[in-house]
Amino acid sequence: MDKIDLRSDTVTKPSEGMRKAMYDAETGDDVFGEDPTVNKFQEYAAELLGFEAALFVFSGVMGNQLCLKTHSQPHDEVICDAESHIFYYESGSPAVLSGLQIFPVFTPDGILTPEAVLPAIRPKEAYYMPRTKIVAVENTHNRRMGKVYSIEQIDTLCGFVRSHNLIFHLDGARAWNAAVYLGVEPKEITAKFDSVSACLSKGLGAPIGSVIAGTKEFIQEAFRFRKAWGGGTRQLGVLAAAGIYALQNNRERLADDHRNAQTLAEAIANMPQFRIDAQRVETNILLFSHTSKSPEEVINECEEKGLRLSPGPIGTVRAITHLDVSKNDIIAAIEILRKV
Ligand SMILES: Cc1ncc(COP(=O)(O)O)c(C=O)c1O
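Residues numbered from 1 in each chain as written. Predicted model: local features only at pLDDT ≥ 70, side-chain atom pairs only at ≥ 80, totals over all residues.

1. Side note on the packing of helix H3 (residues 60-71) against helix H10 (residues 216-228)
Reasoning step 1: The geometry of H3 relative to H10 is characterised by a closest axis approach of 9 Å and an angle of 115° between their N-to-C directions. The angle between H3 and H10 falls in the class roughly perpendicular. The hand of the H3/H10 crossing is right-handed. Contacts between H3 and H10 pair Leu 66, Cys 67, Lys 69 and Thr 70 from the former with Phe 218, Glu 221, Ala 222, Phe 225 and Arg 226 from the latter. (Axes fitted to C-alpha atoms, helices over the stretch in contact; angles between N-to-C directions. Helix = DSSP H or I, 4+ residues; strand = E, 2+ residues; numbered from the N terminus. Parallel < 35°, antiparallel > 145°, perpendicular 65-115°, else oblique. Left-handed = near helix turned anticlockwise from the far one by under 90°. Contact = placed C-beta atoms within 7 Å.)

Okay, structure coming up:
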C-alpha cells in the first residue's frame with residue numbers, strides 16, 4: 001500500500017487531466033516569445049493576480065530572487081520576517097545573485113506590521129548603512145503554520161511601505177491558499193504589491209513552475225535576468241499548459257486541503273501525547289510536537305507505520321495536506337498518530 005505522504009504539498013503528481021493538457025499543448029520557441037501556450041498562461045496569470053504582466057519561472061526561489069534582483073541595486077537591503085522562506089531557505093541567494101543584505105525582523109506570528117518594520121528602516125542620510133529598498137511579505141507563511149494576513153493587515157502595511165517609498169514584494173508561494181481562506185479573488189490580496197511570486201507546484205499540483213507578476217516594464221527586465229540565469233527555455237508550453245490547468249481546476253479545491261488540515265489538527269489536539277495549537281491552523285500546514293519523543297522519533301515511527309511527515313521549525317513535526325491526500329487518508333493518518 002502507498003504511504004500517506006504529508007511531508008509537503010510539493011509531492012503531488014500531475015493528474016491525468018493535467019498530463020492530457022500538457023500532451024495537447026501547442027508550443028513554440030519561448031526564447032523568441034513565440035510559445036502560444038506560455039503567452040496564454042502568462043496573460044491569464046497576470047489577470048488572476050491583478051498585474052499588467054507575468055512571467056513563467058521554474059521555482060518559487062527563482063521567482064523571489066528574480067523579483068528582488070529586478071527591484072534593487074547591490075548594497076540595498078530587504079526587510080523580511082525572521083522566519084521567512086527568503087531568509088531561511090533560499091541559500092543566501094540575495095547576497096550572491098543581487099548583492100543584497102537581508103534585515104530579518106522578529107514577529108510573534110510571522111505577520112509584518114508597521115511597528116515591526118519601522119525600526120529596521122535605515123535613515124536616508126546614513127550613507128554608511130545599506131539602503132532599505134524592499135519589504136517582503138510571506139502569505140501564507142510556511143514556518144508559521146500557513147498563517148494568513150488579513151486584508152486589513154495587508155492594507156495597513158502597504159500604506160506604511162508606500163509612505164516610506166519602499167518596494168512591496170509578496171512571496172505568495174501559497175497566495176492561492178490565502179485567497180481561498182479569506183474567500184476572495186487572488187488579486188484582492190496580491191495586486192497591492194509591486195511584485196508577486198506564486199507557486200504552481202505546491203497545492204495547485206503542477207509538476208514544475210511558479211509565476212511572477214508586476215508591471216510590463218518590470219517583467220521585461222525580469223525576463224532578461226531569467227535568461228541571464230540560464231532560465232530561457234524553448235518549448236515551455238508543455239509546462240505552461242500544466243500551469244493553466246492548475247489555475248483553472250485546482251484553486252477552489254484548496255478548501256478541501258484546509259478542511260483536511262483542520263480535521264487532522266483537531267484529532268491531534270485530542271491525543272494526550274501530542275501538543276498542537278489547533279486554533280492556529282488556517283490553511284494546509286500543521287506543526288505539532290510530542291510530549292516525550294523527538295521529532296525524528298515521531299517521524300521514524302510514523303514512517304514505519306505508513307505515514308510520512310517532515311521536521312518543522314524547532315522541535316516540531318510538520319504535516320501538510322494537498323490534492324493527493326483524501327479524507328480517508330486523513331482518517332488513516334489519525335489512526336497511525338494515535339499509536340505513536
Ligand atoms: C513560502 C515559500 N516561498 C518560496 C518557496 C520556494 O519554492 P520552490 O521550492 O519552488 O523553490 C517555498 C517552498 O516551499 C515556500 O514555502
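2. Quick notes on the pairing of strand E8 (residues 210-214)
Reasoning step 1: With five of its five residues buried, E8 lies for the most part within the structure.
Reasoning step 2: Residues Ser 210, Ile 212 and Gly 214 line one face of E8 and the alternating positions Val 211 and Ala 213 line the opposite face, and both faces are buried.
Reasoning step 3: For strand E2 (residues 53-57) and E8, the ladder comprises five bridges, and the chain directions are antiparallel. Pairing of Ala 53 across the sheet is with Gly 214, part of E8.
Reasoning step 4: Relative to E8, strand E7 (residues 195-199) runs antiparallel, the two being bridged by four bridges. When the bridges of E8 are listed, Ala 198 appears paired with Val 211. (Buried ≥ 20, exposed ≤ 12 C-beta atoms within 10 Å, placed from the backbone. Pairing = 2+ DSSP bridges.)

3. Concerning the site of the ligand
Reasoning step 1: Taken together, Ser 59, Gly 60, Val 61, Asn 64, His 85, Glu 138, Asn 142, Asp 171, Ala 173, Cys 199, Ser 201 and Ser 210 make up all the residues around the ligand.
Reasoning step 2: Residues of the shell around the ligand, tallied by class, amount to three nonpolar, seven polar and two charged. (Near = placed C-beta within 6 Å. Nonpolar A, V, L, I, M, F, W, Y, C, P; charged D, E, K, R; others polar.)

4. Considerations on the domain arrangement of the protein
Reasoning step 1: Looking at the protein, the domain boundaries give domain 1 (16-249) and domain 2 (253-338).
Reasoning step 2: Just the C-alpha atoms count here: the centres of domain 1 and domain 2 sit 28 Å apart.
Reasoning step 3: Every contact between the two is made by 15 residues of domain 1 and, on the other side, 15 residues of domain 2.
Reasoning step 4: Residue classes in the side of domain 1 that touches domain 2 are distributed as five nonpolar, six polar and four charged. (Domains from an automatic or database assignment.)

5. Some details on the sheet that holds strand E3 (residues 76-81)
Reasoning step 1: Spatial strand order, E2-E8-E7-E6-E5-E3-E4: seven strands in an open sheet with mixed pairing. Two strands bound the open sheet, and with one partner strand each, they are E2 and strand E4 (101-105). Between one strand axis and the next, the sheet turns through 20° on average, direction left out of account.
Reasoning step 2: The sheet contact formed by E3 and E4 spans five bridges and is parallel. If you follow Ile 79 over to E4, its bridge partner there is Phe 103.
Reasoning step 3: Where helix H2 (residues 36-49) meets the sheet, its contacts fall on E2, E7 and E8, and the angle it forms with E2 comes to roughly 120°.
Reasoning step 4: Those strands touched by H10 are E2, E7 and E8, and its axis lies near 20° from that of E2.

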